[in-house]
Amino acid sequence: MLRQHRELQKGLLPLFSPELRGMRMAFGKGLWQMFLIFTVVFWISICFLFGAGYDGSRHMKDARMILRDFDQSPASTALARMINGAFAIHTAPNLVDFTHSTEYSTPAAVRGAVWDGDAWAAVIINQGFGERLVAALASGGDGTGATAYDPGSAVTLVTEESRHYFKVQVVIKTSEAILTALQAPYAQAMLEQASGGDNIRLAGLIQSADPLALIAPFSFTVDNVAPFHFDLSMYILSVTLSLCMVAGAFIPSNMWKTIETPFYQNVRITQLIGLRLFINLVWAILICLQATGIMFAFRGPSWSPTVGDFFGIFGIILLNTLAFSFFIDCMQNWLHPRFLLATYFTMLFVNISGAVFGTEINNHFFRILYATPFLNSGLTLRTLLTRGSYNKTRFSITINVVWSLLWWVVSTFLIARKARLVRAGKLLMANVPPPPSAPAVPVSEKAPGHSPQLTPSDSVRTSSSVELEPSSLARRSTVSTSDIEIDDM
């Protein structure tokens, strides 16, 4: 057996033999192209994934917040001054003071601005804060250490946590940390103001004042106007949309590749376009019904759509899936298979980045995510499930409809073009077997000077008008899995 193996090896060529130079060059070219493509794809994907998530912390001034002092007492004015100064640092949100403005003249108006998305959050100094604090400092104590003062009624931090979870948490946690850090300096300032620098007066103040008013004259209460958290739920949403993108868009496109040639040759172009649209619609509907059911299976305290929301969620996911279905149809007609996988991978990561992290307070580079279907599907779903908060429905649905219509028109044009090329014999589909070869004629039987003539069925006209033998055509048809376009005319 070993001897037979050695005999067989004698007939094989060494890897670096001159005869295999062309094969080695083709192999090296393929490796280099794949390395270049996926190196670029990797960095683009990581750039969007991590950049969209963490770049927002460097652009906190793009997150607008509202400050409104509804008390306007000396105590509240001093507190508002300290809050404005603390938020002036570049790592804090952009706090705008509307105390002396006609805008947001009531607490309800301030909450409405946060609900509508005009502000990420708001700091409200509640009416009566100064009066309660002065009363607690003057005669709020009974000498036993008991307290009746409520510092949490001084300030309300209005939030809306249904927006992108990571961005919301960056803004809210920063605001909470600033307000908490101001409690001790404000207590010291109020104590010095009440005592006037007199030690005897300070001793009497400590004896008579409410102890909590001395230690913590103000605190804050968080009022989340849209109690709908998108931490785990947004991951569920992004995974669901990704499955719809893969299963709802890739499968019909690849299924069509196995049946397209007979239809191209025998069916009218208008019927071809209608059949392709029917396949995409039916498959997308089936996948999206399953995806909507999966999302309902994960309902809970932070993910609680009602039965009436089913069709709304289904419509959002269906539009998202159709947008990618038509896009992938076009990519399969335009790109080489080696580049298709890189395109799919990049598009998937970029869209997941938009769905999970958002882009509202990122720099302008990441604002391209506003044009991605995942981001707009997430925005529409938030508005639906929170019954109207951060309502960007008109914008987000418009983007996804434009996506779908644009790529559907382009894919329709490409289908019609391919059908004309196949019928004219100018496009050889990858799933079509090559024409049968004529029986080989031994060299000894050929007449001297005889040149065999090829019939039209045994040759293929190339763009350079070169006649190819059937055997060479068969070899060419097995090189690539993509369509082989013989003539662009």
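Reference entry: report on the structure contained in this document. Everything numeric here is computed off the predicted structure, so don't read it as measured data.

### Details of the overall build of the protein chain
Helix and strand counts for the protein chain come out as 17 helices and 7 strands. Residues classed as buried in the protein chain amount to 45% of the 489 residues present. For the protein chain, the accessible surface area stands at approximately 25500 Å², while carbon and sulfur atoms represent 66% of it.

### A look at the packing of aromatic side chains
One pass over the structure, following the stated rule, counts 14 aromatic pairs. An angle of 80 degrees between the planes, with centres 5.6 Å apart, marks the rings of F324 and F374 as edge-to-face. Here the residue F324 occupies a position in helix 13 (residues 310-334), and F374 occupies one in helix 15 (residues 373-385), the gap between them amounting to 50 residues.

### Remarks on the nonpolar core
One broad trend across soluble globular proteins is that nonpolar side chains are buried collectively. Of all hydrophobic cores here, the largest spans 40 residues; its most connected members are I83, F129, L133 and Y186. When residues no more than four places from it in sequence are discounted, the contact partners of I83 are L67, L95, V123, L179 and L182. By size, the runner-up hydrophobic cluster in this structure holds 35 residues, among which are L241, F250, I328 and V410.

### Section: the sheet that holds strand 3 (residues 121-125)
The strand order 2-1-3-4-5 describes an open sheet built from 5 strands, whose pairing is mixed. A single partner strand is all that each edge strand has here, and the edge strands are strand 2 (94-97) and strand 5 (220-224). Strand after strand, the sheet turns through a mean of 20 degrees between neighbouring axes, direction not considered. Here strand 3 runs beside strand 4 (residues 155-159); their pairing, made up of 5 bridges, is antiparallel.

### Thoughts on the pattern of salt bridges
Oppositely charged side chains can pair when the atoms bearing their charge come close. In the structure shown here, the tally under the stated rule is 5 salt bridges. Residue R276 pairs with D329 through a salt bridge whose shortest N-O separation is 2.8 Å. Remark: D329 occurs in helix 13 and R276 occurs in helix 12 (residues 269-297); sequence separation between them is 53 residues. Using a relative accessible area of 3% as the deciding quantity, one classes D329 as buried.

### Some thoughts on empty space enclosed by the protein
What the rule picks out here adds up to 2 cavities of 30 Å³ or more. Of the voids in this model, the second largest cavity is the one considered here, and its volume is about 40 Å³. Of all the elements in the fold, those that place two or more residues in the lining of the second largest cavity are helix 12, helix 13 and helix 16 (393-423). Residues of the lining of the second largest cavity, tallied by class, amount to 5 nonpolar, 3 polar and 2 charged.

### Let's talk about helix 15
Over its 13 residues, helix 15 extends 18 Å from the first C-alpha to the last, a length consistent with the 18 Å expected when each residue adds 1.5 Å. A large share of helix 15 lies buried, amounting to 12 of its 13 residues. Here helix 15 has its buried residues at P373, F374, L375, N376, S377, G378, L379, T380, L381, R382, T383 and L385.

### With respect to unusual backbone geometry
Positive phi, normally seen in glycine, also occurs at Q72, with a value near 55 degrees. By the element assignment, Q72 lies in the loop between strand 1 (64-69) and helix 3 (74-86). Even without being glycine, Y104 reaches a positive phi, approximately 50 degrees. By secondary structure assignment, the location of Y104 is in the loop between strand 2 and helix 4 (107-116).

What counts and what doesn't
- Residues numbered from 1 in each chain as written.
- Predicted model: local features only at pLDDT ≥ 70, side-chain atom pairs only at ≥ 80, totals over all residues.
- Heavy atoms only, no water.
- Helix = DSSP H or I, 4+ residues; strand = E, 2+ residues; numbered from the N terminus.
- Buried < 20%, exposed > 50% of the residue type's maximum accessible area, 1.4 Å probe, protein only.
- Areas by Shrake-Rupley, 256 points an atom, 1.4 Å probe, with all protein chains shown as cover.
- Phe/Tyr/Trp six-rings, centres within 6.5 Å; stacked < 30°, edge-to-face > 60°.
- Core = buried A, V, L, I, M, F, W, Y, C linked by side-chain atoms within 4.5 Å.
- Contact = heavy atoms within 4.5 Å.
- Pairing = 2+ DSSP bridges.
- Axes fitted to C-alpha atoms, helices over the stretch in contact; angles between N-to-C directions.
- Salt bridge = Lys/Arg side-chain N within 4 Å of Asp/Glu carboxyl O.
- 1 Å grid on protein atoms, 1.4 Å probe; cavity = no way out; pocket = protein on both sides within 12 Å on 5 of 7 lines; lining within 4 Å.
- Points joined across faces, edges and corners; volume = space filled by probe spheres on them.
- Nonpolar A, V, L, I, M, F, W, Y, C, P; charged D, E, K, R; others polar.
- Expected span 1.5 Å × (residues − 1).

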